[in-house]
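# Per-entry structural report
As a plain string of letters, each chain reads:
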Number of protein chains: 2
Amino acid sequence: MVWDAWGIPSGHAPLPEKIRTLLVQVFGVSGESMARRDEGNVPLRASALSQAQLTGLSAVVGPERVRTDHRARLLRAGGKSTPDLLRRRSTDPQDAPDAVVFPADHDEVLGVLSYCAERGVAVVPFGGGTSVVGGVDPARDGFEAVVALDLRRLSAMTSLDEVSHTATLGAGLTGPQAEALLSARGFSLGHFPQSFEFASIGGFAATRSSGQASAGYGRFDDMIQHLRVATPRGTLDLGRAPASAAGPDLRELFSGSEGALGVITEVTLRVHPVPETVAYQAWSFPDFATGAAALRSVIQTGAAPTVLRLSDEAETGLNLARAGDIGGAPVAGCLAVTTFEGTAAHVEARSAEAHALLAAAGGTALGEHPAREWEHGRFAAPYLRDALLDTGILCETLETATNWSNLAELKAKVTAALADSLGGQGTPPLVMCHISHTYPTGASLYFTIIAKQLDDPITQWHTAKRAVGDAIAAAGGTITHHHAVGRDHRPWMSGEIGDLGVQVLRAVKQTVDPAGILNPGKLIP
Amino acid sequence: MVWDAWGIPSGHAPLPEKIRTLLVQVFGVSGESMARRDEGNVPLRASALSQAQLTGLSAVVGPERVRTDHRARLLRAGGKSTPDLLRRRSTDPQDAPDAVVFPADHDEVLGVLSYCAERGVAVVPFGGGTSVVGGVDPARDGFEAVVALDLRRLSAMTSLDEVSHTATLGAGLTGPQAEALLSARGFSLGHFPQSFEFASIGGFAATRSSGQASAGYGRFDDMIQHLRVATPRGTLDLGRAPASAAGPDLRELFSGSEGALGVITEVTLRVHPVPETVAYQAWSFPDFATGAAALRSVIQTGAAPTVLRLSDEAETGLNLARAGDIGGAPVAGCLAVTTFEGTAAHVEARSAEAHALLAAAGGTALGEHPAREWEHGRFAAPYLRDALLDTGILCETLETATNWSNLAELKAKVTAALADSLGGQGTPPLVMCHISHTYPTGASLYFTIIAKQLDDPITQWHTAKRAVGDAIAAAGGTITHHHAVGRDHRPWMSGEIGDLGVQVLRAVKQTVDPAGILNPGKLIP
């Protein structure tokens, strides 16, 4: 990815004229776009690693696999949250890891961790760099130096069990790389988060990623059969069977461990045959409450769609769910998207069952087209954010989840907190929301927020983020459904798991990482 | 339950004559049944608790809630494994907890734990007492005294969310008690392990129980939304949403914690509307491999049966899967049972899809009757075991799980280890097996073993258990799919999670239970 924005250069495009006009009208921005900086001119502090330390790391991974050049460091300067991107757009000196280390395999990861634990060098595991919660910030947190441990060379599919539908994948494989290896053998990952094109298998596991097909294929943590984890104290091989009663499930302690308890080097996953058939069906509901109740009836009955999502009135009105037509004619009501994958018989039965339930719950079938349009544009939103940021618009997303019975209240509380906080700063926001992950007992809420930038947009957003995080906690939501904790959600972790829960995490960390070098400043308060 | 056998007195019956004749012929036993002992005459060691300690415990829960009488202690003398039952049939003095304490609520549990941690008294949480792995043995493990913490008074359903399909249930509720509370409101637990009639909600969670409807409703750990856990260091409230990315999932550390990391006092579960319809369909397959492949196609396609099970040739031949006809005319092939629950439309679509898959995979539909017969007798097998034990027959079960691709080999290795070990002792066994829990990636294997008892049947079985446990580990199975670890599987825990995994568990225990009073000698090596 480019260092100061999402994705690859060819993904970036100027704002559509319709949107630019809208922004000028609604938010009073000029409509001009700022130019980005030339990455070669970005001031970076010098690497804090000594020559002896670089030599020591080179002894583990080879000299050409320890990089301290400007570009290598800049590209691992952090993740892709809006504050990250705003910081890169500022002219302040940029923080970056002191070196980037590229281990070849699990044993080299162990070697790097062992070396760094001995010398007191912090280690930030680095996959796709798509974190939006500060999860890959090069935080030193009291250590003199920090290295980014780039896992891209752990990129093999070491086994595919075509009978059991499992694949063992290197942590450094990106979504498309893993999908290509699998599809050549007739299988699919079934995991398509918005970060899919860049994020890595290890990152999916370390952050409890959840993809857009989660209704059908589950969250990434649900798919994990086995994790191989390197720690400064050695290796953990976790998961011996599809399910077990052999005590606590330690996979679930290292899923979501965000590089703070170990480096996931290899994941064995449940995979899926490439579906024979995919059926698409979009729906319109008169309002969000009706649509949410309809989705609930589908997931609670077990009608088993692969994708099941619902945009609220604001998101539907702006066509944000249909990338091909963003900013087009306003659309009334709430758009829902369903897809069904599997054998022809399976898809036919499931889509018929869901169709009957959604129609009975007040939905109007819109045909395939809007659902296909959604799928076509589903990885594009982060590019749009960059174009908005360049135009003086603050744009960020956040997400939570709760039980169905609490969903409307949580949505109202989050929206109010954003309106109060940003409105109170003189920048009333436009808040849009969708449900993208459903469970029999509840659902996620994903918010997109747009407002005019203030002179210090980072502080502007941090103020809003604090307010909305507190509102989520007070309203009984989880501080994150699929973006993880990183640095940004750490203040809410005690509320999430309690003080004793935090002590449990600290005890685990002390056991596997007594020197505390693993991704310091993240996850654990 | 009665102290020296499974269940309630009215559940016990003499062996059917056909079976008795078979046992005489095959195993050369006399066919006579031993009489059981009068529980009043069983020698128990005196309670090791001082009067001051009893007074101290009484101050927490009330004097009438601390019992040291013979019967109260005897009924918490341990679980219901075959060695447990054989030990109770011996004339040796019986071990038992030094007192039984009955807290009223979470706070009283905290009070008992705090008192016992201070005085160095071991605490064994006690639910239904159905453990078959030594999980509720009154082990002192270096402490001078041990109390059984009977949770039966934690028996309220404190909330039912009819929108979100969740219920909050006290840990002490038995399966039928919970089901009665739920069904009065139109819901069902959906969790029916063989221990259902006696086991408790807290025990299901603490042992990662898996019920016979797991194909449809999941394992018990899958159903858990929230756990409330009392520890000597305070309370843990875990689980804020249907799913979360807020770090490691600590629910999964306390699910399966078997009373060694805390006392689960309350569980919020996903529950299910009482199904509109239940469809039954039994199948016959020519052999186990064909049947297993058929089950695999059903679960991998997502045809979503509620129950999906397959008996091997030996089990089918003895009609063990059809309690009404055990010992009847031998049946060829392998019997499979499917049921489907839900709305009428849902059941019709699912059963049609599964029917087509099972028929295509070589199955012959046998109609409803054998499936209904299986359901009718599904909680009865442990009573049969008692009758066998009384007739000089060794009868025990064990279970494991692995990937589909490894299932045949694991089954062969387990069977061989049992044949070698028991055969080597001069008591060649009859080994039967079924698949009762299926996953897209694999399945469980549940073995029933029958052999002639030697003079010391406990040692006879321990020798076989050691051999078969080693065989399971060597063949890549998990040491337990749903019976838990307890005392009996502890020797294989290092193999299951590695030495570093064991250190992680010890660190967690040290954090929540620094005095080590919680269920000592169980789970953690």
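Structure: see above.
Described in the following lines is the structure provided in the data block. Given the structure is predicted, the values throughout are model-derived calculations rather than measurements.

What follows concerns the environment of E375(A). All names here are of chain A. Mapped onto the fold, E375 is located in helix α14 (residues 369-376). Residue E375 is classed as partly exposed on the basis of its relative accessible area of 25%. When the C-alpha atoms of E375 and F447 are compared, they prove to be 19 Å apart, with 72 residues separating the residues in sequence.

Below, the discussion takes up the pairing of strand β5 (residues 157-161) of chain B. Residues and elements named next belong to chain B. With 4 bridges connecting them, β5 and strand β6 (residues 166-170) associate as antiparallel partners. When the sheet's bridge partners are listed, D161 is paired in β6 with T166. Between β5 and β6, which pair antiparallel in sequence order, lie 4 residues; one of them, H165, sits at a positive phi of approximately 60 degrees.

On to the interface of chain A and chain B. If you look at the interface, chain A gives 81 residues, while chain B gives 81 residues. Summed over both sides, the interface between chain A and chain B buries roughly 5,800 Å², with carbon and sulfur atoms accounting for 60% of that surface. For the interface between chain A and chain B, the tally reads 4 salt bridges. Residue E353(B) pairs with R350(A) through a salt bridge whose shortest N-O separation is 2.7 Å. Inspection of the chain A/chain B interface yields 42 residue pairs in polar contact (both at pLDDT 80 or more). With 13 residues, the top contributor of residues to the side of chain A that touches chain B is helix α18 (residues 493-512) of chain A.

Turning to the pairing of strand β10 (residues 263-270) of chain A, a few remarks are in order. All names here are of chain A. Extensive coverage of β10 is indicated by the burial of 7 of its 8 residues. Here strand β6 (residues 166-170) runs beside β10; their pairing, made up of 5 bridges, is antiparallel. The partner of T166 across the bridge, within β10, is R270. As paired elements, strand β8 (residues 224-231) and β10 share 6 bridges and run antiparallel to each other. The residue of β10 that forms the bridge with H226 is T268.

Another aspect to go through is the pattern of salt bridges. Residues and elements named next belong to chain A. All chains considered together, the criterion is met by 52 salt bridges over all chains. We note a salt bridge from E409 to K413, for which the minimum N-O separation is 2.9 Å. Linking E409 with K413, this pair stays in helix α16 (residues 407-424), spanning 4 residues, or about one helical turn. Given a relative accessible area of 44%, E409 falls into the partly exposed group. Here the salt bridges do not stand alone but share partners, grouping R36, R89, D386 and D390 into one network.

All names here are of chain B. Where helix α6 (residues 175-183) is concerned, the buried positions are G175, A178, E179 and L182. Viewed end-on, α6 has its buried residues packed into an arc of 100 degrees, placing them on one side of the element. In this fold, the buried residues of α6 make contact with β5, β6, β7 (187-188) and α7 (201-206).

What follows deals with the side chain of R385(A). Residue and element names in this part refer to chain A. Of note, R385 is situated in helix α15 (residues 381-390). At a separation of 3.4 Å, a polar atom in the side chain of R385 contacts the side chain of E396. When sequence neighbours within four positions are dropped, the list of residues in contact with R385 reads W6, K80, S81, T82, L85, C395 and E396.

Let's shift gears to the sheet that holds strand β9 (residues 234-238) of chain B. With antiparallel pairing, the 5 strands of this open sheet are ordered in space as β5-β6-β10-β8-β9 (chain B). Looking at strand neighbours, the two that pair on one side only are β5 and β9 of chain B, the edges of this open sheet. Across this sheet, the average inter-strand angle for adjacent strands is 10 degrees, counted without regard to direction. Sheet analysis places strand β8 (residues 224-231) of chain B next to β9(B), joined by 5 bridges and oriented antiparallel. Residue pairing across strands places L227(B) opposite L238(B), the latter belonging to β9(B). Each of β8 and β9 of chain B is contacted by α18(A), which is oriented at about 145 degrees to β9(B), the strand it contacts most.

Before going further, it helps to examine the packing of aromatic side chains. All names here are of chain A. For the structure on display, the rule yields 8 aromatic pairs over all chains. Taking 5.6 Å as the distance between ring centres and 90 degrees as the angle between the ring planes, the aromatic pair formed by W6 and F198 counts as edge-to-face. Of this pair, W6 sits in the segment before α1 (17-27) while F198 is found in the loop between β7 (187-188) and α7 (201-207), placing the two residues 192 residues apart along the sequence. Overall, W6 belongs to the buried group, its relative accessible area being 4%. For F198, a relative accessible area of 12% gives the class buried.

Cut-offs used in this document
Residues numbered from 1 in each chain as written. Chains lettered and ligands numbered in written order. Predicted model: local features only at pLDDT ≥ 70, side-chain atom pairs only at ≥ 80, totals over all residues. Heavy atoms only, no water. Helix = DSSP H or I, 4+ residues; strand = E, 2+ residues; numbered from the N terminus. Buried < 20%, exposed > 50% of the residue type's maximum accessible area, 1.4 Å probe, protein only. Pairing = 2+ DSSP bridges. Contact = heavy atoms within 4.5 Å. Buried area = accessible area lost by both parts, 1.4 Å probe. Salt bridge = Lys/Arg side-chain N within 4 Å of Asp/Glu carboxyl O. Polar contact = N/O pair within 3.5 Å; in protein donor to acceptor, adjacent residues only side chain to side chain. Arc of directions from axis to C-beta. Axes fitted to C-alpha atoms, helices over the stretch in contact; angles between N-to-C directions. Phe/Tyr/Trp six-rings, centres within 6.5 Å; stacked < 30°, edge-to-face > 60°.

The values reported here are purely geometric and, on their own, carry no functional implication.
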